[in-house]
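# Report on the structure
Here is how the chains run, residue by residue.
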Amino acid sequence: MDEINIRFATEDDWAAIAEAEAMCFPESERAEGAAIKERLAKFADCFLLLFCGGRLAAYIDGAASDRRDLTDDMFSSADCHDENGRWQFVYGLGVVPDFRGRDFAGTLVRGFCDLAKRRKKLGVVLTCKPKLVPFYSKFGFKDEGVCPSSHGGAVWHQMRMTF
């Protein structure tokens, strides 16, 4: 059994995260290297990385903000991050294809929500495609319906977990 290790990201992790992002998301939805570097410079402590056997297997990231809803502009600029923001947002959750089917996504969702609770956030907000609503619901997220986001040209549901 490979050793599992979860840690915060550092700015040096940008290339590995960008590579994983490219494997997990279509081009229209993924964050490119420059955006990942900007996010890491502003909120590396809002990235959880899961390593399996020394390889990056999965990650979750997102900014904190006083905004109530996740909007498209939040994906394009790390400036919206406020470490004292009342809400923790999820920008991305990805599991590298070779590591799927091991509940790494669930492990990171639970860990990210626990981190937000410890940081005294009001809750966690994310957007997902309709097919993922049941996945996030099982962790306690409530579906708020289709949101106005047009990120990557897709239809998104906003989901919220309130503590």
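Summary of the structure given here. For clarity, every value in this text was computed on a predicted model and none was experimentally measured.

Parameters at a glance
The residue numbers shown here count from 1 along each chain, following its written sequence. The predicted nature of this model means local features are confined to residues of pLDDT at least 70 and side-chain atom pairs, given and counted, to a pLDDT of 80 or more, with totals for whole chains, interfaces and linings taken over all residues. Only hydrogens and water are removed before side-chain values are computed, so all heavy atoms of the structure are retained for them. Elements are defined by DSSP. Helices are runs of H or I of four residues or more, strands are runs of E of two residues or more, and each kind is numbered from the N terminus. A 1.4 Å probe rolled over the protein chains alone gives each residue an accessible area, and that area as a share of the maximum for its type sets the label: buried under 20%, exposed over 50%, partly exposed in between. Residue contacts are counted whenever heavy atoms from the two residues lie within 4.5 Å of one another. Where accessible areas are quoted, they stem from the Shrake-Rupley method and a 1.4 Å probe; at the residue level, only the protein chains shown are allowed to cover. Only four residue types enter the tally: Lys and Arg on the positive side, Asp and Glu on the negative side; His and the chain ends are excluded. Each charge is placed at NZ for Lys, CZ for Arg, CG for Asp and CD for Glu. By definition, two strands form a pair when at least two bridges between them are found by DSSP. Fitted lines through C-alpha atoms give the axes, limited to the stretch in contact for helices. The angle between two N-to-C directions lies from 0 to 180 degrees. In these notes the angle categories are as follows: under 35 degrees is roughly parallel, over 145 is roughly antiparallel, 65 to 115 is roughly perpendicular, and the rest is oblique. A clockwise turn of the near helix away from the far one marks a right-handed crossing, whereas an anticlockwise turn of less than a right angle marks a left-handed crossing. Lys, Arg, Asp and Glu make up the charged group, whereas Ala, Val, Leu, Ile, Met, Phe, Trp, Tyr, Cys and Pro make up the nonpolar group; the residues left over, Gly among them, are polar.

Attention now moves to the overall build of the protein. Per the secondary structure count, the protein includes 5 helices and 9 strands. Sequence-ordered secondary structure for the protein, helices as α and strands as β, is β-α-α-β-β-β-α-β-β-α-β-α-β-β. Residues classed as buried in the protein amount to 50% of the 163 residues present. Sequence-distant contacts in the protein: of pairs separated by 6 or more residues, those separated by 24 or more amount to 66%. Summing over all exposed atoms, the protein offers an accessible surface of approximately 8100 Å²; the carbon and sulfur share of this is 50%. One way to put it: in the protein the 22 positive side-chain charges average out to a point 6 Å from where the 25 negative ones average out.

Now for unusual backbone geometry. With a phi close to 60°, Asp 103 is a non-glycine residue in the positive phi region. Locating Asp 103 in the fold gives a position in the loop between strand E6 (92-95) and helix H4 (104-118). Despite not being glycine, Lys 120 shows a phi value in the positive range, around 65°. Relative to the helices and strands, Lys 120 resides in the loop between H4 and strand E7 (123-128).

Turning next to the sheet that holds strand E2 (residues 47-52). Strands sit in the order E1-E2-E3-E6 across an open sheet of 4 strands; the sheet is antiparallel. Either end of the sheet is taken by a strand with one partner, and the two such strands are strand E1 (4-8) and E6. Recorded for the sheet is a direction-independent mean angle of 20° between the axes of neighbouring strands. Where helix H1 (residues 14-24) meets the sheet, it contacts E2, strand E3 (55-61) and E6, and its direction lies at approximately 80° from that of E3.

Right, let's get into the packing of H1 against helix H2 (residues 33-43). In contact at an axis separation of 9 Å, H1 and H2 are set at 130° when each is read in the N-to-C sense. Classified by the angle their axes make, H1 and H2 are oblique. The two elements H1 and H2 cross, and the hand of that crossing is right-handed. Each of Trp 14, Ile 17, Ala 18 and Glu 21 in H1 lies in contact with H2, whose residues at this interface are Gly 33, Ile 36, Lys 37 and Leu 40. Looking at the contact of H1 with H2, its residues break down into 5 nonpolar, 1 polar and 2 charged.

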